[in-house]
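# Geometric and topological summary
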Amino acid sequence: MSDSVRETAVFELPKERSTSLRCTACADRACESVGRVPGVVRVECDSAHSQVRVEFNTLKTTAADIERQLSHSELEFEQAIAHKAWRVSGLD
């Protein structure tokens, strides 16, 4: 593949709408879902900075397609996973 059809972009990872906390497991799932977009060549997930760097073939996909996949994965995870925080006494 020619370098002229490759592009690299950095996207913000989805976060739960109900809180400002970011779930590492959900961030990893979002990165995996981006890797399944046709035309994506490489995905580097940076959960610590809530970003994903994506290299993709511009003849097969666009940055907008990748952004849509991230938004879709956010909604999917939000509906499927109820994030809860519990305080357990005696473990402090």
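Residues numbered from 1 in each chain as written. Predicted model: local features only at pLDDT ≥ 70, side-chain atom pairs only at ≥ 80, totals over all residues. Heavy atoms only, no water.

What follows is about the overall build of the chain. Of regular secondary structure, the chain possesses two helices and three strands. Put simply, the chain runs from its N terminus to its C terminus through helices and strands in the order β-α-β-β-α. A burial count over the chain gives 29% of its 92 residues as buried. Here the contacts in the chain between residues at least 6 apart in sequence split such that 58% fall between residues at least 24 apart. When the accessible surface of the chain is totalled, it reaches about 6,300 Å², and 49% of it is carbon and sulfur. (Helix = DSSP H or I, 4+ residues; strand = E, 2+ residues; numbered from the N terminus. Buried < 20%, exposed > 50% of the residue type's maximum accessible area, 1.4 Å probe, protein only. Contact = heavy atoms within 4.5 Å. Areas by Shrake-Rupley, 256 points an atom, 1.4 Å probe, with all protein chains shown as cover.)

With that settled, consider the confidence of the model for the chain. Within the chain, residue pLDDT values average 78, and 66% of them lie at 70 or more. When mean pLDDT is compared element by element in the chain, strand 3 (residues 51-57) scores highest at 95, while helix 2 (residues 63-80) scores lowest at 81. (pLDDT = per-residue confidence, 0-100.)

Here we come to the pairing of strand 2 (residues 40-46). Relative to strand 3, strand 2 is paired through six bridges, and the arrangement is antiparallel. Its bridge partner being in strand 3, R42 is matched across the sheet by E55. (Pairing = 2+ DSSP bridges.)

Quick look at the sheet that holds strand 2 now. In space, the three strands of this open sheet follow the order 1-3-2, with antiparallel pairing throughout. Sheet topology places strand 1 (6-12) and strand 2 at the edges, where each strand pairs with a single neighbour. This sheet shows a mean twist of 15 degrees between the axes of neighbouring strands, independent of strand direction. Strand direction decides the pairing type here: strand 1 and strand 3, joined by seven bridges, are antiparallel. (Axes fitted to C-alpha atoms, helices over the stretch in contact; angles between N-to-C directions.)

Here the focus is the pattern of salt bridges. Going through the model one piece at a time under the given rule, you end up with four salt bridges. Across the pair R42 and E55 runs a salt bridge, and its minimum N-O distance is 3.2 Å. Residue R42 is found in strand 2, and its partner E55 is found in strand 3; the two are separated by 13 residues along the sequence. Look at E55 and you get buried, because its relative accessible area is 12%. As a salt-bridge pair, D65 and R68 come within 2.4 Å of each other at their nearest N and O atoms. (Salt bridge = Lys/Arg side-chain N within 4 Å of Asp/Glu carboxyl O.)

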